[in-house]
Amino acid sequence: MEGETFLWLIRHAVVAGVAGTIHAADAPADLGDRAALAALKQRLPADVAGYASPSRRTVETARALGLEPELVSEFREQDFGDWTGHRHDELAATGGEIYAQFWRDLARGRPPNGESFADQVARVRLGLSRIGAGSAALVVHSGTIRAALCIALDLAPEAALRFVIDPLSLTRIDRLASGWRVVSVNQRIS
């Protein structure tokens, strides 16, 4: 790939739904934090290309930032399979050994009919390879940003899961000819 790529990774706004739920792709964003959205928009370069996962909350957040994003399926959140739509407290009470095992190996554990975080890292690697040179804003999920950090820092998936990625935070990484550079992680802009 020719040229350098400057990535502005933005986690979507909080989900307008019940906290503690593993939300489906059609869960809407709560765009009420207009000050944070305006501050983030001011930080983006004028010529930035916009990308987002195909989830409703990422697309709504991207549009609130003035982007018309290209949708990249590889930037989806980790697929939680049969657990999607359920609350964690409910799953802890009824999920039995499968749910307990998942929490013992967060990087490689798979929910029923879902994928592991390690699977997500491989998927995000493919998505990042499709982003060309220049500045790109990716409005995505916390797991997607952790996966990008895993790739940029050449971390084991277990280590990348230690990053905190807040809603409407900015993480900056660059893909240079010499390798990756991490500029900032989980910056709250206001």
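An account of the accompanying structure is given in this report. (Residues numbered from 1 in each chain as written. Predicted model: local features only at pLDDT ≥ 70, side-chain atom pairs only at ≥ 80, totals over all residues. Heavy atoms only, no water.)

1. Overview of helix H2 (residues 56–64)
1) Next: Among all positions in H2, only Arg57, Thr58, Val59, Thr61 and Ala62 are buried.
2) Next: On its buried face, H2 sits against helix H1 (34–43), strand S2 (49–52), strand S3 (70–71) and strand S4 (134–140).
3) Next: Just downstream of H2, glycine 66 is the residue with a positive phi angle, here 85°. (Buried < 20%, exposed > 50% of the residue type's maximum accessible area, 1.4 Å probe, protein only. Helix = DSSP H or I, 4+ residues; strand = E, 2+ residues; numbered from the N terminus. Contact = heavy atoms within 4.5 Å.)

2. A look at the pairing of S4
1) Next: Among the 7 residues that make up S4, 6 are buried, leaving the element largely enclosed by the rest of the structure.
2) Next: Across 7 bridges, strand S1 (residues 5–11) lies against S4 in parallel orientation. Residue pairing for S4: isoleucine 10 is matched across the bridge by valine 139.
3) Next: Pairing geometry for S2 and S4, over 4 bridges, is parallel. When the bridges of S4 are listed, alanine 49 appears paired with alanine 136. (Pairing = 2+ DSSP bridges.)

3. A word on the packing of helix H5 (residues 117–129) against helix H6 (residues 142–152)
1) Next: Interhelical geometry of H5 versus H6 gives an angle of 75° and a closest axis separation of 9 Å. Considered as vectors, H5 and H6 are oriented roughly perpendicular to each other. Of the residues in H6, those in contact with Phe117, Gln120, Val121, Val124, Arg125 and Leu128 of H5 are Gly143, Thr144, Arg146, Ala147, Ala148, Cys150 and Ile151.
2) Next: Per-class residue counts for the contact of H5 with H6 are 8 nonpolar, 3 polar and 2 charged. (Axes fitted to C-alpha atoms, helices over the stretch in contact; angles between N-to-C directions. Parallel < 35°, antiparallel > 145°, perpendicular 65-115°, else oblique. Nonpolar A, V, L, I, M, F, W, Y, C, P; charged D, E, K, R; others polar.)

4. A short note on the layout of surface pockets
1) Next: Reported here for the largest pocket is a volume of approximately 860 Å³.
2) Next: Together, 32 residues line the largest pocket, and Ile22, Glu77, Gln78, Phe80 and Ser142 are the ones closest to its centre.
3) Next: Put simply, the parts of the chain that give the lining of the largest pocket at least two residues each are helix H4 (96–104), H5 and H6.
4) Next: For the lining of the largest pocket, the element with the highest residue contribution is H6, accounting for 3 residues. (1 Å grid on protein atoms, 1.4 Å probe; cavity = no way out; pocket = protein on both sides within 12 Å on 5 of 7 lines; lining within 4 Å. Points joined across faces, edges and corners; volume = space filled by probe spheres on them.)

5. A look at the nonpolar core
1) Next: Counting residues in each nonpolar core, the largest one holds 23 residues, and the members touching the most others are Leu7, Leu9, Phe75, Leu128, Leu138 and Ile173.
2) Next: Only S1, H5, S4 and H6 provide two or more residues apiece to this core.
3) Next: Discounting chain neighbours no more than four positions away, the residues touching isoleucine 173 are Thr5, Phe6, Leu7, Leu9, Ala148, Leu149, Ala152, Trp180, Arg181, Val182 and Val183.
4) Next: Core analysis: the next-biggest nonpolar cluster, separate from the first, contains 19 residues, Trp8, Leu37, Ala39 and Leu40 among them. (Core = buried A, V, L, I, M, F, W, Y, C linked by side-chain atoms within 4.5 Å.)

6. What to know about unusual backbone geometry
1) Next: Its identity as a non-glycine residue notwithstanding, asparagine 113 has a phi of 60°, on the positive side.
2) Next: By secondary structure assignment, the location of asparagine 113 is in the loop between H4 and H5.
3) Next: The residue leucine 168 is not glycine, and still its phi comes out positive at about 55°.

7. A few points about the packing of aromatic side chains
1) Next: Summed over all chains, the structure comprises 5 aromatic pairs.
2) Next: Feature note: the residues Phe80, Trp83, Tyr99, Phe102 and Trp103 constitute an aromatic cluster, connected by ring pairs.
3) Next: Sitting over the face of the ring of tryptophan 8, arginine 172 holds its NZ or CZ atom 4.3 Å from the ring centroid. (Phe/Tyr/Trp six-rings, centres within 6.5 Å; stacked < 30°, edge-to-face > 60°. Lys NZ or Arg CZ within 6 Å of the ring centre and 35° of its normal.)

8. Notes on the pattern of salt bridges
1) Next: Under the definition given, this model contains 11 salt bridges.
2) Next: A salt bridge links arginine 56 to glutamate 60; its shortest N-O distance comes to 2.7 Å. Placement of both arginine 56 and glutamate 60 in helix H2 is noted, with a separation of 4 residues, approximately one turn of the helix.
3) Next: With relative accessibility at 42%, the residue arginine 56 sits in the partly exposed group.
4) Next: Salt-bridge contacts for aspartate 119 lead to arginine 110; the nearest nitrogen and oxygen are separated by 2.8 Å. (Salt bridge = Lys/Arg side-chain N within 4 Å of Asp/Glu carboxyl O.)

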